[in-house]
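Notes for the structure review
Here are the chains, one letter per residue:
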Amino acid sequence: MKLLFGLLSSAMDKSGFTCGEAALDTYLQKLASQDMKRGFATAIVARAETAPNKIIGYYTLSAASVLLDNVPEEMARKMPRYPNISAVRLDRLAVASSIQGQHIGSLMVVDVLRRSCANELAWALFLVDAKNERVVAFYEKFLFQRFSDNALHLWMHRKQVKAFCTGEDKTK
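Everything numeric here is computed off the predicted structure, so don't read it as measured data. Each chain carries its own residue numbering, running from 1 in the direction its sequence is written. Owing to the predicted nature of the model, reporting of local features is limited to residues with pLDDT of at least 70; listing and counting of side-chain atom pairs is limited to 80 or more, with chain, interface and lining totals taken over all residues. By convention in this description, side-chain values take in all heavy atoms of the structure and omit both hydrogens and water.

Topic: the pairing of strand β5 (residues 125-129)
In the case of a regular strand, side chains alternate between the two sheet surfaces. Put simply, the rule is: Accessibility here uses a 1.4 Å probe with only protein chains present; expressed as a share of the type maximum, an area under 20% marks a residue as buried, one over 50% as exposed, and anything in between as partly exposed. Only runs of H or I of at least four residues qualify as helices and only runs of E of at least two qualify as strands under DSSP, and these elements are numbered from the N terminus. Paired strands, in this sense, are two strands between which DSSP finds at least two bridges.
Counting buried residues in β5 gives four out of five residues, a clear majority hidden from the surface. Bridge analysis of strand β4 (residues 84-95) against β5 gives four bridges, and the strand direction is parallel. Looking at β5, one finds that Arg89 is bridged to Leu127. Pairing geometry for β5 and strand β7 (residues 150-157), over five bridges, is antiparallel. By the bridge assignment for β7, Asp129 is matched with His153.

In structure tokens:
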């Protein structure tokens, strides 16, 4: 299945989307468009090329920051002494129940990381808040690391995101 990724629009069918998490379904159906209009989040949807108005997955992005004191010490030493570190946050990611297990979520993570690298906005960290340990394990496959003070809060440095997007060796 070839996927199309793009901004949520009013022409797309939000009402039929269900992922098994009521809060994520409700967000897409009732709040995502409002959050986009008000500048709180950007909603990106995944659609099959054969049905471009049917949403099969979505994610939301927003600007964020992290207190320098909350960044691991070895990384904080390399950062400017600003009180906050700029970040991009993946707020939500959901895949339609009917196609879960087909790696659509992984393709969406690749898209969000590439989209973030292509953005000219300055940011140092990419953040994810996971709902549970199963979701943490999913993001750890992409080399996200846990914050020490909150095991469900994960991060990746921009250099790692760029390396992931370009296929460079991330161990150097």
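Here's the deal with helix α3 (residues 104-118)
The criterion, for reference: Helix span is expected to be 1.5 Å times the residue number reduced by one.
An ideal rise of 1.5 Å per residue puts 21 Å on 15 residues; α3 measures up with 21 Å between its terminal C-alpha atoms. Of all the residues in α3, the buried ones are Ile104, Gly105, Met108, Val109, Val110, Asp111, Val112, Leu113, Ser116 and Cys117.

Observations concerning helix α4 (residues 133-140)
Rule in force here: The arc in question is the one spanned by the directions pointing from the helix axis to the C-beta atoms. By the criterion applied in these results, polar contacts are pairs of N or O atoms within 3.5 Å in which, for protein atoms, one can donate a hydrogen and the other can accept it, and in which residues neighboring in sequence qualify only through two side-chain atoms.
Regarding α4, the residues found buried are Val135, Val136 and Tyr139. The buried residues of α4 occupy an angular sector of 105 degrees when the element is viewed end-on, so they sit on one face. Of the residues that open α4, the one with a side-chain oxygen 3.1 Å from the backbone nitrogen of Arg134 is Asn132.

Focus on the packing of α3 against helix α5 (residues 158-166)
As a reminder, the rule being used: Helix axes use the C-alpha atoms of the stretch in contact, all axes being lines fitted to C-alpha atoms, and the angles between their N-to-C directions lie in the range 0 to 180 degrees. Any angle that falls under 35 degrees is termed roughly parallel, while one over 145 is termed roughly antiparallel, one within 65 to 115 roughly perpendicular, and all others oblique. Note on convention: the crossing is left-handed when the near helix lies turned anticlockwise from the far helix by less than a right angle, right-handed when the turn is clockwise. By definition, residues are in contact when any of their heavy atoms lie within 4.5 Å. Under this grouping Gly is polar, as are all residues other than the nonpolar Ala, Val, Leu, Ile, Met, Phe, Trp, Tyr, Cys and Pro and the charged Asp, Glu, Lys and Arg.
Relative to each other, α3 and α5 sit at 115 degrees, their axes nearing to 9 Å. Classed by the angle they form, the pair α3 and α5 counts as roughly perpendicular. Two packed elements cross with a definite hand, and for α3 against α5 that hand is left-handed. Note on element contacts: α5 touches α3 through Arg158, Val161, Lys162, Phe164 and Cys165, opposite Val110, Leu113, Arg114, Ser116 and Cys117. Split into classes, the residues belonging to the contact of α3 with α5 amount to six nonpolar, one polar and three charged.

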